[in-house]
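Architecture at a glance
Single-letter residue listing:
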Amino acid sequence: MAYKQFEEYNIKVTEDVKDRYKDIIDELGEDTQREGLIKTPERAAKAMQFLTQGYDQDPVEILKGAMFKESYNEMVIVKDIEVYSLCEHHILPFFGKAHIAYIPNGHIVGLSKLPRIVDVFARRLQVQERLTEQVLDCINDTLKPQGVAVVIEASHMCMMMRGVQKQNSTTTTSGFRGQFEKIETRNEFLKLIGK
Ligand SMILES: Nc1nc2c(ncn2[C@@H]2O[C@H](COP(=O)(O)OP(=O)(O)OP(=O)(O)O)[C@@H](O)[C@H]2O)c(=O)[nH]1
Ligand SMILES: [Zn+2]
């Protein structure tokens with residue numbers, strides 16, 4: 001494997017974050033010594049490291065690890081890629097689907113690498129708009145295709161469980177570069193992903 005995978009928790013980070021979670025749980029009025037909660041600060045510290053592992057990963061390296069010379073000149077679409085991220089305002093999940101298309105320009109990329117780079121950017125504190133643009137720019141700048149398109153549809157827990165408390169709203173963000181700036185190409189992509 002040519003790039004860093006999430007393998008182990010940083011011991012110092014785990015200890016530091018664990019101590020802070022213990023204080024937070026305590027402040028929220030719970031008993032950190034009761035059986036069900038005794039290991040919770042450590043579990044939460046590890047979960048947060050997993051959910052923010054994207055800071056330590058290099059998406060360019062991931063794409064470059066599987067670029068292949070090919071003359072294929074048509075649209076390649078990977079749709080319905082599950083996205084799980086954390087909103088940077090409330091540190092609550094937002095989740096949904098990403099749809100990615102590109103038109104090669106001499107090189108194709110290993111299909112799995114597209115969901116992998118979505119994960120790299122999603123596993124950070126994010127807003128949906130920036131997540132969309134980072135995926136778009138990464139593919140555009142690394143693969144240098146004739147065009148690239150990214151659509152993300154997501155539900156935000158911070159709008160569902162708290163705050164405005166709307167259970168059925170979804171947010172759609174999109175970005176288009178190169179050939180996808182042309183309305184016909186963009187429409188073909190949107191039609192193929194069922195939009
Ligand atoms: N644009 C954008 N906004 C987001 C995203 N995730 C969460 N938000 C919003 O971030 C905003 C933060 O607004 P604030 O008024 O500072 O926070 P708040 O008082 O908790 O707001 P409410 O959620 O309306 O209760 C809220 O409107 C959230 O809905 C995102 O990915 N993109
Ligand atoms: Zn939020």
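Residue numbers here run from 1 along each chain, matching the order of that chain's written sequence. To label them, take the chains in the order written and letter them from A, then take the ligands in the order written and number them from 1. Given that this is a predicted model, residues contribute local features only at a pLDDT of at least 70 and side-chain atom pairs are listed and counted only at 80 or more, while totals for whole chains, interfaces and linings are drawn from all residues.

**Focus: the pairing of strand β3 (residues 93–103)**
Consecutive residues of a regular strand have side chains that alternate between opposite faces of the sheet. DSSP bridges decide pairing: two strands pair if at least two such bridges lie between them. Working definition: helices are DSSP H or I runs of at least four residues, strands are E runs of at least two. Numbering for both runs from the N terminus. Pairing geometry for strand β2 (residues 76–87) and β3, over 9 bridges, is antiparallel. Counted as the bridge partner of Val-78 is Ile-100 from β3. The loop that links β2 with its antiparallel partner β3 comprises 5 residues; one of these, Ile-91, has a positive phi angle of about 55 degrees. Of the pairings in the sheet, the one linking β3 to strand β6 (residues 147–156) comprises 10 bridges and is antiparallel in character. From the neighbouring strand, Gly-96 faces β6, where its bridge partner is Ala-154.

**Quick notes on the packing of helix α4 (residues 113–122) against helix α5 (residues 128–143)**
It is at 10 Å that the axes of α4 and α5 come closest, and there the two elements cross at 135 degrees. With respect to each other, α4 and α5 are oriented oblique. Regarding α4 and α5, the two cross each other, and that crossing is right-handed. Residues Ile-117, Val-118, Phe-121 and Ala-122 of α4 form the contact with α5, whose own contacting residues are Leu-131, Gln-134, Val-135 and Cys-138. Lines fitted to the C-alpha atoms define the axes, with helices restricted to the stretch that makes contact. Angles between their N-to-C directions range from 0 to 180 degrees. Orientation labels follow simple angle bins: below 35 degrees gives roughly parallel, above 145 gives roughly antiparallel, 65 to 115 gives roughly perpendicular, and whatever is left gives oblique. By convention, the crossing between two helices is left-handed when the near helix turns anticlockwise from the far helix through less than a right angle, and right-handed when the turn is clockwise. Contact between residues is assigned whenever the C-beta positions, reconstructed from backbone atoms, fall within 7 Å.

**Considerations on the UniProt feature "binding site: Zn(2+)" (unreviewed entry) in the chain**
UniProt positions are given in the numbering used here, feature names are shortened, and annotations may be inferred rather than shown by experiment. Look at the UniProt record and you will see "binding site: Zn(2+)" (unreviewed entry) annotated at Cys-87, His-90 and Cys-158. Separation in sequence by 72 residues is not matched in space for these annotated residues, since their most distant C-alpha atoms are only 7.9 Å apart. Position of Cys-87 among the secondary structure elements: in strand β2. Think of it as a crowd count around each C-beta: if 20 or more other C-beta atoms lie within 10 Å the residue is buried, if 12 or fewer it is exposed, and in between it is partly exposed, with C-beta placed from the backbone throughout. Residue Cys-87 is classed as partly exposed on the basis of its 18 C-beta neighbours within 10 Å. Mapped onto the secondary structure, His-90 falls in the loop between β2 and β3.

**Observations concerning the UniProt feature "domain: GTP cyclohydrolase I" (unreviewed entry) in the chain**
Those places that UniProt annotates as "domain: GTP cyclohydrolase I" (unreviewed entry) correspond, in this numbering, to residues 19–193. With 38% helix and 28% strand, residues 19–193 has its two end C-alpha atoms placed 46 Å apart.

**Overview of the site of ligand 1**
What surrounds ligand 1 is the set Cys-87, His-89, Val-127, Gln-128, Glu-129, His-156, Cys-158, Met-159, Gly-163 and Val-164. When contributions to the shell around ligand 1 are tallied by element, the ones reaching two or more residues are α5 and α6 (157–160). In the scheme used here, Gly and all other residues not listed as nonpolar or charged are polar, with Ala, Val, Leu, Ile, Met, Phe, Trp, Tyr, Cys and Pro taken as nonpolar and Asp, Glu, Lys and Arg as charged. Broken down by class, the residue content of the shell around ligand 1 amounts to 5 nonpolar, 4 polar and 1 charged. Only the C-beta atom matters for this test: placed from the backbone, it must lie within 6 Å of a molecule or strand for the residue to be near it.

**Side note on unusual backbone geometry**
Unusually for a residue other than glycine, Lys-144 sits at a positive phi of about 45 degrees. Position of Lys-144 among the secondary structure elements: in the loop between α5 and β6. We note that Gln-165 has phi near 55 degrees; this positive angle belongs to a residue other than glycine. Relative to the helices and strands, Gln-165 resides in the loop between α6 and β7 (171–178). Residue classification places Gln-165 among the exposed positions, given that 8 C-beta atoms sit within 10 Å.

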